Amino acid sequence: MTHTQPIGFIDSGVGGLTVVKEAIKQLPNESILYLGDTARCPYGPRPAEQVIDYTWQMTRFLLEKNIKMLVIACNTATAVALDEIKAALSIPVIGVILPGSRAAVKATSNHRIGVIGTAGTIKSHSYERALKAKSPQTTVISLACPKFVPIVESNQYHSSVAKKIVSETLRPLKNKKLDTVILGCTHYPLLKHMIQNELGSTIRLIDSGAETVGEVSTLLDYFDIAQQSDQDVIPTHEFYTTGSPKIFDEIANDWLDLPNISSNHIDLGGK
Ligand code: DGL
């Protein structure tokens, strides 16, 4: 393995770009390969077996491109596929649920933590398990927000419709005395301002994806595979989508501070 190989990021669509944004900031020397399975997004309502199958298809695509580490930048895929993929690969594999849980346990004062995510993530109880394993006295209140991902994928996350949906969806979390809420879906940071507005400024929002990048950085050092700035290599950023590159590029260019992102369409085959 060489230091110059890219780090691979996978998600069901554009959500993992929130993790990439943080990676570009915290790991500016690293080359990045991103794959979003936009054509089959959302993963949230799909059965676990199907999500595992799709996650493997994405993983194989990036392995062929010679990545040195895999970041499963999708909570829904992490919840059901991380253990299996981690056990099978010889490169380091990291998901987003443990880093988000660790950060929330650190942030809370009253041990009352909310988790918002896709139906698949909430149904898996992965956050609840991780939070309770770290801190048994924690009360966890979870809420599936199935309407959030379609708003983001259709590039409507700045709209008044988005604001209304966020407000209606989060109502059950109000007056629950939470001091911390985990954004347990990598699409949600694109709605972060609306979510914060709705829940109130005193609630601490944890961006699981952003927390994950800190741990990616630790792992790169631990395995001695970080790209050093004195190696004189210019980092590259390559984006692949199974859907329409047009909408993907609009969102990527709005969200990431990179010049002119132009993604490549790929076909993973089969539904
Ligand atoms: N971004 C994803 C997550 O973190 C998945 C959203 C979806 O496809 O439903 O869970």
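Residues numbered from 1 in each chain as written. Predicted model: local features only at pLDDT ≥ 70, side-chain atom pairs only at ≥ 80, totals over all residues. Heavy atoms only, no water.

This part covers the UniProt feature "active site" (unreviewed entry) in the protein. The sites that UniProt annotates as "active site" (unreviewed entry) are Cys74 and Cys185. Considering the C-alpha atoms alone, the annotated residues occupy 112 residues of sequence yet fold into one spot, their largest mutual distance being 6.6 Å. Relative to the assigned elements, Cys74 resides in the loop between β3 (69-72) and α3 (75-88). Its relative accessible area of 4% is what places Cys74 among the buried residues. In this view, Cys74 contacts Ile10, Asp11, Ser12, Val96 and Thr186; residues no more than four positions away in its chain are not counted. Not counting chain neighbours up to four residues away, the residues in contact with Cys185 comprise Asn75, Ile116, Gly117, Thr118 and Val149. (UniProt positions renumbered as here; feature names shortened; annotations may be inferred. Helix = DSSP H or I, 4+ residues; strand = E, 2+ residues; numbered from the N terminus. Buried < 20%, exposed > 50% of the residue type's maximum accessible area, 1.4 Å probe, protein only. Contact = heavy atoms within 4.5 Å.)

A few words on the site of the ligand. Taken together, 14 residues form the shell around the ligand, and within it Ser12, Tyr43, Asn75, Thr76 and His187 come nearest. Separating an oxygen atom of the ligand from a backbone N or O atom of Tyr43 is a distance of 2.6 Å. Notes on the ligand: free accessible area 300 Å², of which the protein chains cover 99%. Partitioning the shell around the ligand into residue classes produces six nonpolar, seven polar and one charged. (Near = heavy atom within 4 Å. Polar contact = N/O pair within 3.5 Å; in protein donor to acceptor, adjacent residues only side chain to side chain. Areas by Shrake-Rupley, 256 points an atom, 1.4 Å probe, with all protein chains shown as cover. Nonpolar A, V, L, I, M, F, W, Y, C, P; charged D, E, K, R; others polar.)

With that settled, the discussion passes to the packing of helix α1 (residues 17-26) against helix α10 (residues 208-222). Where α1 contacts α10, the axes come no closer than 8 Å and their chain directions differ by 35°. Handedness of the α1/α10 crossing: right-handed. Contacts from Val19, Glu22, Ala23 and Gln26 of α1 reach α10 at Gly209, Ala210, Val213 and Gly214. Within the contact of α1 with α10, the residues separate by chemical class into four nonpolar, three polar and one charged. (Axes fitted to C-alpha atoms, helices over the stretch in contact; angles between N-to-C directions. Left-handed = near helix turned anticlockwise from the far one by under 90°.)

Here the focus is the pattern of salt bridges. Pairs may arise between side chains of opposite charge once their charged atoms sit close together. Applying the stated criterion across every chain yields a total of seven salt bridges. A salt bridge links Arg40 to Asp37; its shortest N-O distance comes to 2.8 Å. We classify Arg40 as buried; its relative accessible area is 2%. The residue Arg102 makes a salt bridge to Glu215 at a minimum N-O spacing of 2.5 Å. Here Arg102, found in helix α4 (residues 97-107), pairs with Glu215, found in helix α10; they are 113 residues apart in sequence, far enough to count as distant. On the basis of relative accessibility, which here comes to 21%, the residue Glu215 falls in the partly exposed class. (Salt bridge = Lys/Arg side-chain N within 4 Å of Asp/Glu carboxyl O.)

The next subject is the packing of α1 against helix α11 (residues 245-255). One way to put it is that α1 packs onto α11 with a least axis distance of 10 Å and a crossing angle of 40°. Once α1 is placed against α11, the crossing between them reads as right-handed. Between α1 and α11, the contacting residues are Leu17, Thr18 and Lys21 on the first element and Phe248, Ala252 and Trp255 on the second. In terms of residue class, the contact of α1 with α11 is built from four nonpolar, one polar and one charged.

Here the bond from Cys41 into Pro42 is cis, since omega is 5°, no more than 30 degrees from zero. Mapped onto the secondary structure, Pro42 falls in the loop between β2 (32-36) and α2 (48-64). Of note in the backbone geometry, His125 takes a positive phi value of approximately 60° without being a glycine. Residue placement: His125 occurs in the loop between α5 (119-124) and α6 (126-134).

Take the sheet that holds strand β7 (residues 180-184) next. A sheet is described by the order of its strands in space; here four strands give the open sequence β6-β5-β7-β8, paired in parallel fashion. Looking at the sheet topology across the chains shown, the edges are occupied by β6 (139-144) and β8 (204-207). Here the strands of the sheet are splayed against their neighbours by 25° on average, with no regard to which way each runs. As defined by bridge partners, β7 adjoins β8 across four bridges and the pair is classed as parallel. In the sheet register, Val181 faces β8, and the bridge partner there is Leu205. (Pairing = 2+ DSSP bridges.)

Attention shifts here to the sheet that holds strand β10 (residues 264-265). The six strands lie next to each other as β4-β3-β1-β2-β9-β10, forming an open sheet whose pairing is parallel. Whereas interior strands pair on both sides, the edge strands pair on one side only; in this sheet they are β4 (93-94) and β10. In this structure, strand β9 (residues 237-241) lies alongside β10, joined through two bridges in parallel fashion. Bridged to Thr241 within β10 is His265. With respect to the sheet, α3 is in contact with β3 and β4, its orientation differing from that of β3 by roughly 155°.

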